[in-house]
Amino acid sequence: MRFFITILAILLASIPATARAQAPMPETMFYQPVETDAGIPPAQWQHIWQDSAKNGIKTVIVQWTSHGDNNFGGADGWLATTLRLARNNDLALIIGLHMDPDYYTRLSELDTAGTEPYLEHQLGLSLHQAALIKNEWQLDATGWYLPLELDDWNFQQKARRDMIDQQLHDLAGHLDAPLHVSSFTGGKLGPDAYAKWLEALSQDGIHVWAQNGTGTQTLPKIARRAYLEALPCDIGIVQEAFQQTSKPDQKFSAIPAIPDPSFSQCHPVSVFELRYLPWGRYYANSSQPGPPDKTSPPVSGGDVSCFNDCWQNPY
């Protein structure tokens, strides 16, 4: 056994690092609006979007355009203006809809019977938001993103999964562009069951993005790998470009980190999120999102000076 391990180590060492790490820069990037971003002037946003395009980004997934009672100024607000600048820089937009800031709390409080009308109401608000974006904001969306994330904590019960699957199918049928959703696992479903759930959604024409969990590290590395390996190739992978520094009972904080390019060979790939990326550090001190509730303390440093080289060759 030692002989074979030694031979394998020699063979791996003989392969150039660039051959072992052929993961390309993702072409899709999340941007999570927070109200403090309103202070960024349009000229600075112009640089941010230009730099995004120069670094290979072609599509921006906007996490939401309505958060609770905040619509970020509506059609004439700073967010709409910012997204128009992104489109002017030839960036495609997958536009996020409505987010209830109490979403996770409400799911934990409600039984299955109570969850159904709650989610119907939330999806109705998102459908209304899509109409506003199209008719009043006058933004062209290549897709719509539902910010109500799926997880196997709140949807561990099959009855809940079946319910949300049907509701998402109905929502997708009322939208004029593909529906995108994202998910994360807390290890409540096994890897195969989790993968089958996401695949069933994908077969309904919904674009599913699975977070790789390297930033939050809710699960150990060996478990994260098992979940990602079980996913079929049509499920997208969200590479987390941060390292969480806060504890579970503390307000979220993180530093930028080089994303893990594993499992990017056959999957669509995106990166979370703009302000953790080098060109996003223009405004990194404004506010900092992070899963799962995605609210906002300030960014604290983080060395991303080797970002582009390390992305191509993280080993």
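Residues numbered from 1 in each chain as written. Predicted model: local features only at pLDDT ≥ 70, side-chain atom pairs only at ≥ 80, totals over all residues. Heavy atoms only, no water.

With respect to the overall build of the protein chain
- Along its length, the protein chain carries ten helices and 13 strands.
- Taking all 315 residues of the protein chain together, 51% fall into the buried category.
- Sequence separation of 24 or more characterises 78% of the internal contacts of the protein chain that already satisfy a separation of 6 or more.
- Only carbon and sulfur atoms are counted for the fraction: they give 53% of the accessible area of the protein chain, which is about 14,300 Å². (Helix = DSSP H or I, 4+ residues; strand = E, 2+ residues; numbered from the N terminus. Buried < 20%, exposed > 50% of the residue type's maximum accessible area, 1.4 Å probe, protein only. Contact = heavy atoms within 4.5 Å. Areas by Shrake-Rupley, 256 points an atom, 1.4 Å probe, with all protein chains shown as cover.)

So, the layout of surface pockets
- In this structure, the second largest pocket spans a volume of roughly 170 Å³.
- If you go around the second largest pocket, the residues you meet are Thr-214, Lys-221, Arg-224, Arg-225, Leu-228, Asp-260, Ser-262 and Phe-263.
- Split by residue class, the lining of the second largest pocket holds two nonpolar, two polar and four charged. (1 Å grid on protein atoms, 1.4 Å probe; cavity = no way out; pocket = protein on both sides within 12 Å on 5 of 7 lines; lining within 4 Å. Points joined across faces, edges and corners; volume = space filled by probe spheres on them. Nonpolar A, V, L, I, M, F, W, Y, C, P; charged D, E, K, R; others polar.)

Here we look at the state of the cysteines
- Using the criterion set out here, one finds one disulfide in the structure.
- Two residues share a disulfide in this structure: Cys-233 and Cys-266, whose sulfurs sit 2.1 Å from each other. Measuring handedness by torsion sign, the sulfur bridge of Cys-233 and Cys-266 sits at about -95° and is left-handed. Of this pair, Cys-233 sits in the loop between helix 9 (221-230) and strand 10 (236-240) while Cys-266 sits in the loop between strand 12 (254-256) and strand 13 (269-272), and the two are 33 residues apart along the sequence.
- On the accessibility criterion, Cys-233 (40% relative accessible area) is partly exposed.
- Classification of Cys-266 as partly exposed rests on a relative accessible area of 40%. (Disulfide = S-S within 2.5 Å.)

Digging into helix 3 (residues 42-54)
- Along its 13 residues, helix 3 runs 18 Å from first to last C-alpha, staying within 8% of the 18 Å computed at 1.5 Å per residue.
- Just past helix 3, the residue Gly-56 takes up positive phi, approximately 95°. (Expected span 1.5 Å × (residues − 1).)

Some words on helix 9
- Within the sequence span of helix 9, burial applies to Arg-224, Tyr-227 and Leu-228. All buried residues of helix 9 fall inside an arc of 95° around its axis, so they share one side.
- Summarising the contacts, the buried residues of helix 9 are in contact with helix 8 (191-203) and strand 10. (Arc of directions from axis to C-beta.)

Here's the deal with the pattern of salt bridges
- Tallied over the full model, the rule gives seven salt bridges.
- The salt bridge involving Arg-225 is made with Glu-229; its shortest N-O contact spans 3.0 Å. Of this pair, Arg-225 and Glu-229 both sit in helix 9, four residues apart, which is roughly one turn of the helix.
- Linked through salt bridges whose partners overlap, the residues forming this network are Asp-37, Glu-273 and Arg-275. (Salt bridge = Lys/Arg side-chain N within 4 Å of Asp/Glu carboxyl O.)

Digging into the pairing of strand 10
- For strand 10, the tally of buried residues reaches five of five residues, placing the bulk of the element in the interior.
- Relative to strand 10, strand 9 (residues 207-211) runs parallel, the two being bridged by three bridges. Residue Ala-210 lies in a different strand from strand 10, and its bridge partner there is Ile-237.
- Crossover strand 9 to strand 10 through helix 9 is right-handed.
- As judged from the four bridges shared by strand 10 and strand 13, these two strands associate in the parallel manner. Bridge pairing in strand 13 places Ile-237 opposite Val-269. (Pairing = 2+ DSSP bridges. Right-handed = clockwise from strand over helix to strand, strands pointing away.)

A short note on the confidence of the model for the protein chain
- Chain-level pLDDT for the protein chain is 85 on average; 82% of the residues reach the 70-or-more range.
- In the predicted structure, residues 1-22 sits below a pLDDT of 50 and forms eight contacts with residues beyond four places in sequence or in another chain.
- Counting contacts from residues 291-315, a segment whose pLDDT is below 50, to residues more than four positions away or on other chains yields 71 contacts. (pLDDT = per-residue confidence, 0-100.)

Remarks on the pairing of strand 13
- Judged by which residues are buried, strand 13 turns out to be covered on both faces: Val-269 and Val-271 on one side and Ser-270 and Phe-272 on the other are all buried.
- In terms of strand pairing, strand 1 (residues 28-31) meets strand 13 through two bridges, oriented parallel. Residue pairing across strands places Met-29 opposite Val-271, the latter belonging to strand 13.

Some points on the packing of helix 6 (residues 112-137) against helix 7 (residues 158-174)
- It is the contact of helix 6 with helix 7, at a shortest axis distance of 10 Å, that shows an interaxial angle of 20°. When the interaxial angle is binned, helix 6 and helix 7 end up roughly parallel. When you trace helix 6 past helix 7, the crossing you get is right-handed. Between helix 6, through Thr-112, Thr-115, Glu-116, Leu-119, Glu-120, Leu-123 and Leu-127, and helix 7, the contact on the second element is made entirely by Ala-159, Arg-160, Met-163, Ile-164, Gln-167, Leu-168, Leu-171 and His-174. (Axes fitted to C-alpha atoms, helices over the stretch in contact; angles between N-to-C directions. Parallel < 35°, antiparallel > 145°, perpendicular 65-115°, else oblique. Left-handed = near helix turned anticlockwise from the far one by under 90°.)

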